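# Geometric and topological summary
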Amino acid sequence: MTELRLGIDVGGTKILGVVLDPTDPREPVAVRRSSTPANFDDVVDALRDVIELLRADASQRGDTVSSIGIGVPGVVDRDGVLRGAPNLLSAVDAPLRDRVEQAVGSPVLIENDANCALWAEAELGAGRGASDIVMVALGTGIGGAVMVDGRLRVGAHGFAGEPGHLVVSRDGVLCPCGRRGCWERYASGAGLAWLAQQAVGPAGERSGANRIVELAGGDPLAIRGEHVTTAADEGDDIARAVFEEFARWVAVGIGSLMNILDPDLVIIGGGLIDHSRHYLERVRDLLPAEVLGAGAHRPIPIAAASLGPMAGAIGAALLAATPHRLR
Ligand SMILES: [Zn+2]
């Protein structure tokens, strides 16, 4: 009988659960998916159901689940209380760990989803061999995580590693967090859409033969990040110019993080890493101008996340078995 590790990644729309064999953790031995309900009680029920299904999968193999980790898209304090998760219900001060532990009858680790993804990359993916890592996940917003001396830096209250809300423009675009000019308003999928709206003009006056506006159904205000990536894939000039601007914003934020933390590796993940051909080389070109002492880095180490969409769930499973690596 093998002691398996269970990990779950709770996304804004779906829940992904895996069970890993610690001797070969890259390939989950069981995978279960569910949708993410809208209110907190239903989220707890959905998590209980996924955990019970995965436990049944484990016992069918003659194995048992020895640890459970859950990654969530929000700030989690050291008591497993979800203090805020803009894209996951309107949960404020939700005692997620206690509720799930009661529901499933065993200890559960709750951690920020980007922290989980970084842990997986550090153990099994792009971050192997590095001990000081900054990860930025470019998705709808920007998630982030920081590893210092081989440990995840969660901060005094558990809230560290939110580079998406680094303010890069004090009077800039309004952010769902309530402030203006957060980095994720410019260097994420939402940022890509905003940059495209600026490029085509508020009324789409430059939209004549504009593929981005066409993809958005003719309405510049309906532009989303994927319209820009699709147009860029097709070779559209405006989309390429938008990605040039996007690369500048990505470089500004990563450069600031490097100036503070001097990591030996920066990992870029999130959904936009699938479109890295449109911006990653440009970010590498632009970065030296943003980093103090850049010449000494030679070259500035910046890598694409390599574990794909399972990274969060795999990292949650691994972290629950090694919680002492959090600090
Ligand atoms: Zn913000």
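Before reading on, note that the structure itself is shown above.
Residues numbered from 1 in each chain as written. Predicted model: local features only at pLDDT ≥ 70, side-chain atom pairs only at ≥ 80, totals over all residues. Heavy atoms only, no water.

### Some thoughts on the sheet that holds strand β12 (residues 302-304)
Read across the sheet, five strands follow the order β10-β9-β8-β11-β12 without closing on themselves; strand pairing throughout is mixed. The open sheet is flanked by β10 (151-152) and β12, the only strands paired with a single partner. When strand β9 (residues 142-148) meets β10, the two strands line up antiparallel, connected through two bridges. Note on β10: the bridge partner recorded for V148 is R151. Packing of helix α3 (residues 113-124) onto the sheet brings it into contact with β8 (133-138), β9, β10 and β11 (265-269), and relative to β9 it is tilted by some 50°. Its contacts with the sheet put helix α7 (residues 237-261) on β8, β9, β11 and β12, and the angle it makes with β8 is roughly 155°. (Pairing = 2+ DSSP bridges. Helix = DSSP H or I, 4+ residues; strand = E, 2+ residues; numbered from the N terminus. Contact = heavy atoms within 4.5 Å. Axes fitted to C-alpha atoms, helices over the stretch in contact; angles between N-to-C directions.)

### Looking at unusual backbone geometry
Phi is positive for D149, which is not a glycine, with a value near 50°. For D149, the location among the structural elements is in the loop between β9 and β10. At D262, a residue that is not glycine, the phi angle is positive and equals roughly 45°. Among the structural elements, D262 can be located in the loop between α7 and β11.

### Details of helix α2 (residues 96-104)
Along α2, the residues classified as buried are L96, V100 and V104. Down the axis of α2, the sector holding all buried residues measures 40°, keeping them to one side. As for α2, its buried residues are in contact with α1 (40-60), β4 (64-72) and β7 (109-112). One or two residues past the end of α2 sits G105, with phi positive at roughly 70°. (Buried < 20%, exposed > 50% of the residue type's maximum accessible area, 1.4 Å probe, protein only. Arc of directions from axis to C-beta.)

### A closer look at the coordination of the zinc ion
The zinc ion binds to the protein through H165 (ND1), C175 (SG), C177 (SG) and C182 (SG); the donor distances cover 2.1 to 2.3 Å. Its four donor atoms give the zinc ion angles of 105 to 113° at the centre, a pattern that matches the tetrahedral case. Here the donor residues of the zinc ion are spaced in sequence according to H-x9-C-x1-C-x4-C. In this pair, H165 is assigned in the loop between β10 and α4 (189-200) and C177 in the loop between β10 and α4, connecting sequence segments twelve residues apart. (Donors = N, O, S within 2.8 Å, 3.2 Å for Na, K, Ca; no water. Tetrahedral: all angles 85-135°; square planar, octahedral: opposite > 155°, others 65-115°.)

### A closer look at empty space enclosed by the protein
Within this structure, the stated rule accounts for one cavity of 30 Å³ or more. Looking at the largest cavity, its volume works out to about 40 Å³. (1 Å grid on protein atoms, 1.4 Å probe; cavity = no way out; pocket = protein on both sides within 12 Å on 5 of 7 lines; lining within 4 Å. Points joined across faces, edges and corners; volume = space filled by probe spheres on them.)

### Some words on the pattern of salt bridges
Summed over the entire model, instances satisfying the criterion amount to 17 salt bridges. The partner of R32 in a salt bridge is D57, and the shortest N-O contact between them spans 2.9 Å. Remark: D57 occurs in helix α1 and R32 occurs in strand β3 (residues 30-35); sequence separation between them is 25 residues. Using a relative accessible area of 15% as the deciding quantity, one classes D57 as buried. A salt bridge links E281 to R284, with the nearest nitrogen and oxygen atoms 2.6 Å apart. With E281 and R284 both in helix α8 (residues 280-286) and three residues apart, this pair spans about one turn of that helix. Exposure remark for R284: the relative accessible area of 30% places this residue in the partly exposed category. (Salt bridge = Lys/Arg side-chain N within 4 Å of Asp/Glu carboxyl O.)

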